[in-house]
Amino acid sequence: MQHLLDVSLFNSMIRMVAPILLAALGGAICSRVGLFNVGLEGFVLVGAFSAIVGNHYSGNVYVAVLIAIAVTMLFSLAFAYISIHLQANVIVVGISFNFLALGLTAFCLKAIFHVKGAFYDKNMVGLPKWNIPFVQDIPVIGGIISGHSPLIYLAFALVLGLQYFLFKSVLGFRLLAVGENPVAAKSIGIKVGRMQYLAVLICGVLCGLAGAQLSLGQVTMFTEGMTAGRGFIALVAMMLGQANPLGVMASSLLFGLMDAFSIRLQGFSLPTHFTQMLPYIVTLLAMLFFRKSSYMADAQKANGSSR
(Lines give C-alpha, C1' and ligand atoms only; values in the text may rest on other atoms or scores of the structure.)
Protein backbone atom coordinates (compact mmCIF):
# COMPACT_ATOMS: atom_id res chain seq x y z
CA MET A 1 0.00 0.00 0.00
CA GLN A 2 2.86 2.40 0.76
CA HIS A 3 4.03 1.96 -2.83
CA LEU A 4 0.63 3.12 -4.05
CA LEU A 5 -0.10 6.03 -1.71
CA ASP A 6 3.02 8.16 -1.66
CA VAL A 7 4.02 11.76 -2.33
CA SER A 8 4.50 11.26 -6.07
CA LEU A 9 0.94 9.94 -6.42
CA PHE A 10 -0.58 13.06 -4.91
CA ASN A 11 1.83 15.25 -6.88
CA SER A 12 0.56 13.53 -10.02
CA MET A 13 -3.02 14.05 -8.83
CA ILE A 14 -2.52 17.82 -8.64
CA ARG A 15 -1.04 17.78 -12.14
CA MET A 16 -3.84 15.63 -13.58
CA VAL A 17 -6.66 17.56 -11.95
CA ALA A 18 -5.93 20.98 -13.48
CA PRO A 19 -7.53 20.46 -16.95
CA ILE A 20 -10.56 18.78 -15.37
CA LEU A 21 -10.94 21.50 -12.74
CA LEU A 22 -10.63 24.40 -15.19
CA ALA A 23 -13.15 22.88 -17.61
CA ALA A 24 -15.51 22.00 -14.75
CA LEU A 25 -15.41 25.59 -13.50
CA GLY A 26 -16.32 26.75 -16.99
CA GLY A 27 -19.22 24.32 -17.05
CA ALA A 28 -20.33 25.55 -13.64
CA ILE A 29 -20.48 29.16 -14.85
CA CYS A 30 -22.61 28.11 -17.83
CA SER A 31 -24.86 26.04 -15.60
CA ARG A 32 -25.41 29.02 -13.31
CA VAL A 33 -27.00 30.96 -16.17
CA GLY A 34 -29.17 28.05 -17.32
CA LEU A 35 -26.95 26.57 -20.05
CA PHE A 36 -26.00 22.93 -19.59
CA ASN A 37 -22.82 22.97 -21.66
CA VAL A 38 -21.90 19.45 -22.80
CA GLY A 39 -19.40 20.90 -25.28
CA LEU A 40 -16.58 21.15 -22.73
CA GLU A 41 -14.70 18.30 -24.40
CA GLY A 42 -14.58 20.20 -27.69
CA PHE A 43 -13.66 23.48 -26.02
CA VAL A 44 -10.66 21.93 -24.25
CA LEU A 45 -9.53 20.13 -27.40
CA VAL A 46 -9.57 23.37 -29.39
CA GLY A 47 -7.60 25.08 -26.61
CA ALA A 48 -5.01 22.30 -26.58
CA PHE A 49 -4.44 22.47 -30.34
CA SER A 50 -4.39 26.29 -30.40
CA ALA A 51 -1.76 26.34 -27.66
CA ILE A 52 0.54 24.08 -29.68
CA VAL A 53 0.05 26.17 -32.83
CA GLY A 54 0.68 29.37 -30.90
CA ASN A 55 3.82 27.98 -29.31
CA HIS A 56 5.12 26.66 -32.63
CA TYR A 57 4.82 30.00 -34.42
CA SER A 58 5.50 32.45 -31.60
CA GLY A 59 8.15 30.50 -29.69
CA ASN A 60 6.74 31.93 -26.47
CA VAL A 61 4.75 29.66 -24.19
CA TYR A 62 2.83 32.50 -22.55
CA VAL A 63 1.81 33.94 -25.92
CA ALA A 64 0.69 30.43 -26.80
CA VAL A 65 -1.58 30.36 -23.73
CA LEU A 66 -3.12 33.69 -24.76
CA ILE A 67 -3.69 32.37 -28.28
CA ALA A 68 -5.36 29.27 -26.83
CA ILE A 69 -7.67 31.50 -24.78
CA ALA A 70 -8.52 33.73 -27.76
CA VAL A 71 -9.27 30.85 -30.16
CA THR A 72 -11.35 28.99 -27.58
CA MET A 73 -13.31 32.17 -26.87
CA LEU A 74 -14.13 32.45 -30.58
CA PHE A 75 -15.21 28.81 -30.58
CA SER A 76 -17.36 29.40 -27.50
CA LEU A 77 -18.82 32.53 -29.09
CA ALA A 78 -20.13 30.42 -31.97
CA PHE A 79 -21.62 28.04 -29.41
CA ALA A 80 -23.26 30.96 -27.61
CA TYR A 81 -24.68 32.45 -30.82
CA ILE A 82 -26.32 29.19 -31.85
CA SER A 83 -27.56 28.31 -28.37
CA ILE A 84 -28.68 31.74 -27.16
CA HIS A 85 -29.38 33.89 -30.21
CA LEU A 86 -30.75 31.17 -32.49
CA GLN A 87 -32.26 29.30 -29.47
CA ALA A 88 -31.11 25.88 -30.62
CA ASN A 89 -31.18 22.96 -28.19
CA VAL A 90 -28.09 23.50 -26.03
CA ILE A 91 -27.48 19.76 -25.55
CA VAL A 92 -27.51 19.07 -29.28
CA VAL A 93 -25.29 22.08 -29.96
CA GLY A 94 -22.79 20.95 -27.32
CA ILE A 95 -22.55 17.44 -28.74
CA SER A 96 -22.18 18.87 -32.25
CA PHE A 97 -19.36 21.13 -31.14
CA ASN A 98 -17.56 18.16 -29.60
CA PHE A 99 -17.56 16.40 -32.97
CA LEU A 100 -16.71 19.65 -34.75
CA ALA A 101 -13.67 20.18 -32.54
CA LEU A 102 -12.51 16.59 -33.09
CA GLY A 103 -12.72 16.90 -36.88
CA LEU A 104 -11.47 20.47 -37.05
CA THR A 105 -8.33 19.82 -35.01
CA ALA A 106 -7.55 16.68 -37.03
CA PHE A 107 -7.95 18.65 -40.28
CA CYS A 108 -5.84 21.58 -39.05
CA LEU A 109 -3.17 19.17 -37.81
CA LYS A 110 -2.77 17.90 -41.35
CA ALA A 111 -3.13 21.33 -42.97
CA ILE A 112 -0.71 23.20 -40.69
CA PHE A 113 1.87 20.60 -39.62
CA HIS A 114 1.42 18.10 -42.51
CA VAL A 115 1.20 15.16 -40.11
CA LYS A 116 -1.52 12.77 -38.97
CA GLY A 117 -2.27 11.58 -35.48
CA ALA A 118 0.17 13.68 -33.47
CA PHE A 119 2.60 16.59 -33.66
CA TYR A 120 5.75 16.85 -31.58
CA ASP A 121 8.64 19.28 -31.86
CA LYS A 122 11.70 18.53 -29.75
CA ASN A 123 12.61 22.23 -29.77
CA MET A 124 9.25 23.29 -28.33
CA VAL A 125 9.40 24.45 -24.73
CA GLY A 126 6.40 23.77 -22.52
CA LEU A 127 5.14 25.55 -19.43
CA PRO A 128 7.79 25.97 -16.73
CA LYS A 129 7.64 24.23 -13.37
CA TRP A 130 7.53 26.58 -10.40
CA ASN A 131 9.25 25.56 -7.18
CA ILE A 132 7.70 27.57 -4.36
CA PRO A 133 10.36 28.99 -2.00
CA PHE A 134 10.26 27.59 1.55
CA VAL A 135 7.24 25.41 0.71
CA GLN A 136 9.36 23.06 -1.40
CA ASP A 137 11.51 22.34 1.65
CA ILE A 138 8.56 21.18 3.81
CA PRO A 139 8.50 17.37 4.06
CA VAL A 140 5.61 15.69 2.21
CA ILE A 141 3.67 18.94 1.59
CA GLY A 142 6.48 20.46 -0.45
CA GLY A 143 6.67 17.37 -2.64
CA ILE A 144 2.94 17.57 -3.35
CA ILE A 145 2.37 21.29 -3.80
CA SER A 146 5.64 22.54 -5.28
CA GLY A 147 6.98 21.95 -8.78
CA HIS A 148 3.87 22.50 -10.91
CA SER A 149 3.14 24.73 -13.89
CA PRO A 150 1.71 28.25 -13.38
CA LEU A 151 -1.68 27.20 -14.80
CA ILE A 152 -2.11 24.61 -12.06
CA TYR A 153 -1.69 27.23 -9.36
CA LEU A 154 -3.94 29.56 -11.35
CA ALA A 155 -6.65 26.87 -11.48
CA PHE A 156 -6.86 26.65 -7.69
CA ALA A 157 -6.69 30.42 -7.34
CA LEU A 158 -9.61 30.72 -9.76
CA VAL A 159 -11.68 28.48 -7.50
CA LEU A 160 -11.50 31.07 -4.74
CA GLY A 161 -11.92 33.91 -7.22
CA LEU A 162 -15.05 32.44 -8.77
CA GLN A 163 -16.47 31.59 -5.34
CA TYR A 164 -16.21 35.26 -4.41
CA PHE A 165 -17.39 36.42 -7.84
CA LEU A 166 -20.56 34.32 -7.84
CA PHE A 167 -21.67 34.82 -4.24
CA LYS A 168 -20.22 38.19 -3.23
CA SER A 169 -20.18 40.45 -6.31
CA VAL A 170 -23.05 42.30 -7.99
CA LEU A 171 -22.28 40.83 -11.41
CA GLY A 172 -22.19 37.37 -9.87
CA PHE A 173 -25.63 37.87 -8.34
CA ARG A 174 -26.93 38.91 -11.73
CA LEU A 175 -25.57 35.74 -13.30
CA LEU A 176 -27.21 33.67 -10.58
CA ALA A 177 -30.49 35.53 -11.03
CA VAL A 178 -30.51 34.73 -14.75
CA GLY A 179 -30.11 31.04 -14.01
CA GLU A 180 -32.66 30.97 -11.20
CA ASN A 181 -35.45 32.84 -12.97
CA PRO A 182 -34.69 34.54 -16.30
CA VAL A 183 -38.17 36.07 -16.53
CA ALA A 184 -37.85 37.76 -13.15
CA ALA A 185 -34.28 38.82 -13.95
CA LYS A 186 -35.45 40.39 -17.20
CA SER A 187 -38.27 42.20 -15.41
CA ILE A 188 -35.78 44.10 -13.22
CA GLY A 189 -33.66 45.17 -16.18
CA ILE A 190 -30.99 42.44 -16.31
CA LYS A 191 -29.97 41.59 -19.87
CA VAL A 192 -30.45 37.83 -19.81
CA GLY A 193 -28.85 37.15 -23.18
CA ARG A 194 -25.88 39.34 -22.35
CA MET A 195 -25.28 37.52 -19.07
CA GLN A 196 -25.46 34.16 -20.83
CA TYR A 197 -22.98 35.31 -23.48
CA LEU A 198 -20.66 36.47 -20.71
CA ALA A 199 -20.88 33.10 -18.96
CA VAL A 200 -20.07 31.18 -22.16
CA LEU A 201 -17.11 33.46 -22.88
CA ILE A 202 -15.79 32.92 -19.35
CA CYS A 203 -16.20 29.19 -19.98
CA GLY A 204 -14.17 29.63 -23.17
CA VAL A 205 -11.35 31.30 -21.25
CA LEU A 206 -11.26 28.54 -18.65
CA CYS A 207 -11.38 25.76 -21.24
CA GLY A 208 -8.62 27.49 -23.21
CA LEU A 209 -6.48 27.41 -20.07
CA ALA A 210 -7.39 23.74 -19.56
CA GLY A 211 -6.34 22.90 -23.10
CA ALA A 212 -3.08 24.83 -22.76
CA GLN A 213 -2.25 22.96 -19.56
CA LEU A 214 -3.03 19.67 -21.25
CA SER A 215 -0.82 20.19 -24.32
CA LEU A 216 1.90 22.45 -22.91
CA GLY A 217 1.95 21.69 -19.20
CA GLN A 218 1.82 17.90 -19.26
CA VAL A 219 3.18 16.50 -22.55
CA THR A 220 4.28 19.44 -24.81
CA MET A 221 2.66 17.89 -27.86
CA PHE A 222 -0.73 17.45 -29.50
CA THR A 223 -2.43 14.20 -30.45
CA GLU A 224 -5.85 13.78 -32.04
CA GLY A 225 -8.53 13.45 -29.38
CA MET A 226 -5.99 13.98 -26.61
CA THR A 227 -8.68 15.18 -24.21
CA ALA A 228 -9.76 11.50 -23.99
CA GLY A 229 -13.06 12.24 -22.27
CA ARG A 230 -11.72 14.77 -19.76
CA GLY A 231 -14.39 17.25 -20.85
CA PHE A 232 -17.12 14.76 -19.96
CA ILE A 233 -15.42 13.96 -16.66
CA ALA A 234 -15.34 17.72 -16.00
CA LEU A 235 -19.07 17.83 -16.73
CA VAL A 236 -19.69 15.13 -14.12
CA ALA A 237 -17.39 16.94 -11.67
CA MET A 238 -19.44 20.10 -12.19
CA MET A 239 -22.68 18.23 -11.54
CA LEU A 240 -21.28 16.38 -8.54
CA GLY A 241 -20.04 19.68 -7.12
CA GLN A 242 -23.47 21.28 -7.58
CA ALA A 243 -21.93 24.01 -9.79
CA ASN A 244 -20.32 25.49 -6.69
CA PRO A 245 -16.61 26.28 -7.24
CA LEU A 246 -15.51 24.70 -3.96
CA GLY A 247 -17.64 21.63 -4.57
CA VAL A 248 -16.35 21.40 -8.13
CA MET A 249 -12.78 21.50 -6.84
CA ALA A 250 -13.47 18.66 -4.39
CA SER A 251 -15.07 16.43 -7.03
CA SER A 252 -12.33 17.28 -9.55
CA LEU A 253 -9.68 16.22 -7.03
CA LEU A 254 -11.42 12.86 -6.74
CA PHE A 255 -11.27 12.31 -10.50
CA GLY A 256 -7.70 13.60 -10.65
CA LEU A 257 -6.72 11.11 -7.97
CA MET A 258 -8.31 8.26 -9.93
CA ASP A 259 -6.48 9.40 -13.08
CA ALA A 260 -3.15 9.42 -11.26
CA PHE A 261 -3.98 6.11 -9.57
CA SER A 262 -4.67 4.47 -12.94
CA ILE A 263 -1.21 5.50 -14.15
CA ARG A 264 0.37 4.18 -10.97
CA LEU A 265 -1.33 0.79 -11.38
CA GLN A 266 0.37 0.35 -14.75
CA GLY A 267 3.62 -0.13 -12.87
CA PHE A 268 2.21 -3.23 -11.18
CA SER A 269 2.00 -5.26 -14.40
CA LEU A 270 -1.74 -4.72 -14.70
CA PRO A 271 -3.17 -4.53 -18.26
CA THR A 272 -3.03 -0.96 -19.57
CA HIS A 273 -6.55 -1.10 -20.94
CA PHE A 274 -7.85 -2.07 -17.50
CA THR A 275 -6.05 0.69 -15.65
CA GLN A 276 -7.15 3.33 -18.17
CA MET A 277 -10.75 2.37 -17.46
CA LEU A 278 -10.52 3.37 -13.80
CA PRO A 279 -11.29 7.11 -14.08
CA TYR A 280 -14.29 6.41 -16.30
CA ILE A 281 -15.59 3.66 -14.00
CA VAL A 282 -15.44 6.12 -11.11
CA THR A 283 -17.25 8.66 -13.29
CA LEU A 284 -20.07 6.20 -13.96
CA LEU A 285 -20.31 5.33 -10.26
CA ALA A 286 -20.49 9.03 -9.44
CA MET A 287 -23.34 9.44 -11.91
CA LEU A 288 -25.22 6.52 -10.31
CA PHE A 289 -24.73 8.08 -6.89
CA PHE A 290 -25.83 11.45 -8.24
CA ARG A 291 -28.88 10.35 -10.21
CA LYS A 292 -31.42 11.29 -7.53
CA SER A 293 -29.96 14.68 -6.76
CA SER A 294 -32.27 17.62 -7.19
CA TYR A 295 -29.59 19.43 -9.17
CA MET A 296 -30.37 17.46 -12.32
CA ALA A 297 -33.97 18.64 -12.18
CA ASP A 298 -32.80 22.19 -11.50
CA ALA A 299 -30.45 22.07 -14.50
CA GLN A 300 -33.17 20.75 -16.79
CA LYS A 301 -35.57 23.38 -15.51
CA ALA A 302 -32.99 26.10 -16.10
CA ASN A 303 -32.36 24.88 -19.63
CA GLY A 304 -36.04 25.02 -20.39
CA SER A 305 -36.69 28.37 -18.72
CA SER A 306 -33.81 30.08 -20.52
CA ARG A 307 -35.58 29.73 -23.85
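What you see is a predicted model; the values in this text were computed from it and never measured.

(A) Focus on the overall build of the protein. Across its full length, the protein carries 13 helices and two strands. Counting over 307 residues, the protein shows a buried share of 50%. Of the contacts made within the protein by residues no fewer than 6 positions apart, 75% connect residues no fewer than 24 positions apart. Accessible surface for the protein amounts to roughly 14200 Å². Of this, 69% is attributable to carbon and sulfur atoms.

(B) Inspection of a nonpolar patch on the surface at higher detail. Taken together, V7, I138, V140, I141 and I145 make up a surface patch of nonpolar side chains, about 370 Å² in accessible area. As for its placement among the helices and strands, I138 is situated in the loop between β1 (118–119) and α5 (141–145).

(C) Representation of the pattern of salt bridges within the structure. Using the criterion set out here, one finds one salt bridge in the structure. As a salt-bridge pair, R230 and D259 come within 4.0 Å of each other at their nearest N and O atoms. Note that R230 is positioned in helix α10 (residues 230–240) and D259 in helix α11 (residues 245–265), a separation of 29 residues in sequence. Overall, D259 belongs to the buried group, its relative accessible area being 12%.

(D) Quick look at the packing of helix α7 (residues 170–180) against helix α9 (residues 192–218). One way to put it is that α7 packs onto α9 with a least axis distance of 10 Å and a crossing angle of 110 degrees. Relative to α9, the element α7 lies roughly perpendicular. The segment α7 lies against α9, with L171, R174, L175 and V178 engaging V192, M195, Q196, L198 and A199. A breakdown of the residues in the contact of α7 with α9 according to their chemical character gives seven nonpolar, one polar and one charged.

(E) Looking closely at the packing of aromatic side chains. For the structure shown, the criterion picks out seven aromatic pairs. With a centroid separation of 5.0 Å and 65 degrees between ring planes, the pair formed by F75 and F97 is classed as edge-to-face. Here F75 is found in helix α3 (residues 61–85), whereas its partner F97 is found in helix α4 (residues 90–113), with 22 residues between them in sequence. Across this residue pair, the class does not change: F75 and F97 are buried. An angle of 15 degrees between the planes, with centres 3.8 Å apart, marks the rings of F113 and F119 as stacked. The residues F113 and F119 share a single accessibility class, namely buried. Counting every residue linked through ring pairs, the aromatic cluster contains F43, F75, F79 and F97.

About the thresholds
Residues numbered from 1 in each chain as written. Predicted model: local features only at pLDDT ≥ 70, side-chain atom pairs only at ≥ 80, totals over all residues. Heavy atoms only, no water. Helix = DSSP H or I, 4+ residues; strand = E, 2+ residues; numbered from the N terminus. Buried < 20%, exposed > 50% of the residue type's maximum accessible area, 1.4 Å probe, protein only. Contact = heavy atoms within 4.5 Å. Areas by Shrake-Rupley, 256 points an atom, 1.4 Å probe, with all protein chains shown as cover. Patch = residues over 30% accessible without salt bridge, like charges linked within 9 Å, V, L, I, M, F, W, Y side chains within 5 Å. Salt bridge = Lys/Arg side-chain N within 4 Å of Asp/Glu carboxyl O. Axes fitted to C-alpha atoms, helices over the stretch in contact; angles between N-to-C directions. Parallel < 35°, antiparallel > 145°, perpendicular 65-115°, else oblique. Nonpolar A, V, L, I, M, F, W, Y, C, P; charged D, E, K, R; others polar. Phe/Tyr/Trp six-rings, centres within 6.5 Å; stacked < 30°, edge-to-face > 60°.

Read these as spatial facts, not as claims about activity.
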